[in-house]
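# Examining the three-dimensional arrangement
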Amino acid sequence: MMQEFKAFLARGNVLDLAVGVIIGAAFGKIVTSLTEDLIMPVIGMATGGVNFTNKFIVLGTVPATYTGSLDDYAALKAAGVAMLGYGAFVTAIIAFVLMAFVIFLIVRQANKLMPPPAAAPAAPAGPSEVDLLAEIRDELRKRG
């Protein structure tokens, strides 16, 4: 079993997948930063200073022991208050669209750079239906 495991790990696909996951995680952090640190502040400024990270609706009661601000989404969430954080959701949707668009651009460019796959050799043409029916007819004549 150990030999099979070593052979499995030595395959190029497993290593390629591991590299892809690591690069994907780093790329996700870049897109998250792009969304939260660059794009959302511009959108907030365009909408009159709206901070989307603090857009939420409180669904539950705030604990009596809570001493923080009632406008601080992160603090309320840490305190266990049930909330509908639609601002964080909007930010996540924008991050997803950005990531999907960037991946689309990368794949599109890679497809342009990669040579087209070599055409598979054509399978030898077999007999046509008419030829097969003629063979069957001739065999039936021999037997009958």
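Preceding this paragraph is the structure being described.
What this report covers is the structure whose coordinates are included nearby. (Residues numbered from 1 in each chain as written. Predicted model: local features only at pLDDT ≥ 70, side-chain atom pairs only at ≥ 80, totals over all residues. Heavy atoms only, no water.)

## Focus on the packing of aromatic side chains
- Enumeration over the complete set of coordinates arrives at two aromatic pairs.
- An angle of 45° between the planes, with centres 5.5 Å apart, marks the rings of Phe56 and Tyr73 as tilted. Taken together, the residues span a long stretch of sequence, with Phe56 in the loop between helix 2 (12–46) and strand 1 (57–58) and Tyr73 in helix 3 (residues 73–78) at a distance of 17 residues. Here the two residues Phe56 and Tyr73 agree in accessibility, since each one is buried. (Phe/Tyr/Trp six-rings, centres within 6.5 Å; stacked < 30°, edge-to-face > 60°. Helix = DSSP H or I, 4+ residues; strand = E, 2+ residues; numbered from the N terminus. Buried < 20%, exposed > 50% of the residue type's maximum accessible area, 1.4 Å probe, protein only.)

## Thoughts on a nonpolar patch on the surface
- Where nonpolar side chains cluster on the molecular surface, the patch consists of Ile57, Leu59, Leu84 and Tyr86 and spans about 390 Å² of accessible area.
- Among the structural elements, Leu59 can be located in the loop between strand 1 and helix 3.
- You can call Leu59 exposed: its relative accessible area is 57%. (Patch = residues over 30% accessible without salt bridge, like charges linked within 9 Å, V, L, I, M, F, W, Y side chains within 5 Å. Areas by Shrake-Rupley, 256 points an atom, 1.4 Å probe, with all protein chains shown as cover. Salt bridge = Lys/Arg side-chain N within 4 Å of Asp/Glu carboxyl O.)

## A few points about the pattern of salt bridges
- Evaluation of the coordinates by the stated rule reveals two salt bridges.
- Note that Asp138 is salt-bridged to Arg137, the shortest N-O span being 3.2 Å.
- Residue classification places Arg137 among the partly exposed residues on the basis of a relative accessible area of 41%.
- Lys142 serves as the salt-bridge partner of Glu139, at 3.7 Å between the closest nitrogen and oxygen. Linking Glu139 with Lys142, this pair stays in helix 5 (residues 129–143), spanning three residues, or about one helical turn.

## Thoughts on the nonpolar core
- With six residues, the main nonpolar core is built from Phe56, Tyr66, Tyr73, Leu76, Val81 and Met83.
- Residue contacts for Met83: discarding those within four places in its chain leaves Phe56, Ile57, Val58, Leu59, Tyr73, Leu76 and Lys77. (Core = buried A, V, L, I, M, F, W, Y, C linked by side-chain atoms within 4.5 Å. Contact = heavy atoms within 4.5 Å.)

## Quick notes on the side chain of Thr91
- Position of Thr91 among the secondary structure elements: in helix 4 (residues 86–113).
- Judged by relative accessible area, which is 6%, Thr91 ranks as buried.
- Leaving out residues up to four positions away in the same chain, Thr91 has contacts with Thr35, Glu36, Met40 and Phe52.

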